[in-house]
Amino acid sequence: MLFYNIIDETTCEVTSGEDDPEYRYEGSVTIPDYVISTYEKDGPVWLQVVGIGAEAFFGQNLQEIILPEETGYIEDRAFWGCKELYSIKLPHSLYYIGKEVFSGNEAKGLN
């Protein structure tokens, strides 16, 4: 279960689940290109995932992150303290990487 912050009518970013008991990640996480926001009478309302919010995966037990190809930004400390993170492919669309995004990472050879 991922948590999202709606930015506008068509986009969102992954955010932290903070105190929610479902906010524990281990191993590999794949972030989808789109998520369903709500259901209207004409069908689902889709939001494009365009970024990773500040501290979205702070201190999680992640080893691999798979980002959507349209990810535009990664905010401050998004993956801080993910000590075992060894693999993340940064998409060509990425235009901003915040401060200390990968601080506290102890894995050797981050890809």
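Within each chain, residues carry numbers counting from 1 in the order of the written sequence. Residue-level local features of this predicted model are given only where pLDDT is at least 70; pairs of side-chain atoms are given and counted only at 80 or more, and the full residue set underlies all totals for whole chains, interfaces and linings. Only hydrogens and water are set aside; all other atoms, that is, all heavy atoms of the structure, feed into the side-chain values.

Draft legend 1. The nonpolar core, seen in detail. Residues grouped as a nonpolar core are buried Ala, Val, Leu, Ile, Met, Phe, Trp, Tyr and Cys residues, joined through side-chain atoms within 4.5 Å. Accessible area is worked out with a 1.4 Å probe on protein chains only. A residue is then buried under 20% of its type maximum, exposed over 50%, and partly exposed in between. Core analysis: the biggest nonpolar cluster contains 25 residues, and I31, I52, F57, I65 and F79 have the highest contact counts within it. Each helix is a run of DSSP H or I of at least 4 residues and each strand a run of E of at least 2, with the numbering of both proceeding from the N terminus. Elements with a contribution of two residues or more to this core: β2 (11-15), β5 (43-52) and β6 (61-66). Residues count as neighbours in contact if any of their non-hydrogen atoms are within 4.5 Å of one another. Once residues lying within four places of it in the same chain are set aside, the contact partners of F57 are L2, V14, Y23, Y25, V29, I31, I52, L62, A78, F79, W80 and C82.

Draft legend 2. Seen up close, the side chain of T71. With respect to the helices, strands and loops of the structure, T71 is situated in the loop between β6 and β7 (73-74). Classification of T71 by relative accessible area gives buried; the value is 0%. Those residues within four positions of T71 in sequence are excluded, and the remaining contacts are V50, G51, I52, P91, S93 and L94.

Draft legend 3. Representation of the pattern of salt bridges in the model. One side-chain nitrogen of Lys or Arg within 4 Å of one carboxyl oxygen of Asp or Glu is enough to make a salt bridge. What the rule picks out here adds up to 3 salt bridges. Of the charged contacts, one joins E55 and R77 as a salt bridge, the two residues approaching to 3.0 Å between their closest N and O atoms. One end of the pair, E55, is in the loop between β5 and β6; the other, R77, is in the loop between β7 and β8 (87-88), and 22 residues separate them in sequence. Relative accessible area serves as the criterion here: at 31%, E55 is assigned to the partly exposed category. What makes R77 partly exposed here is its relative accessible area of 26%. Linked by salt bridges that have partners in common, E55, R77 and E100 make up one network.

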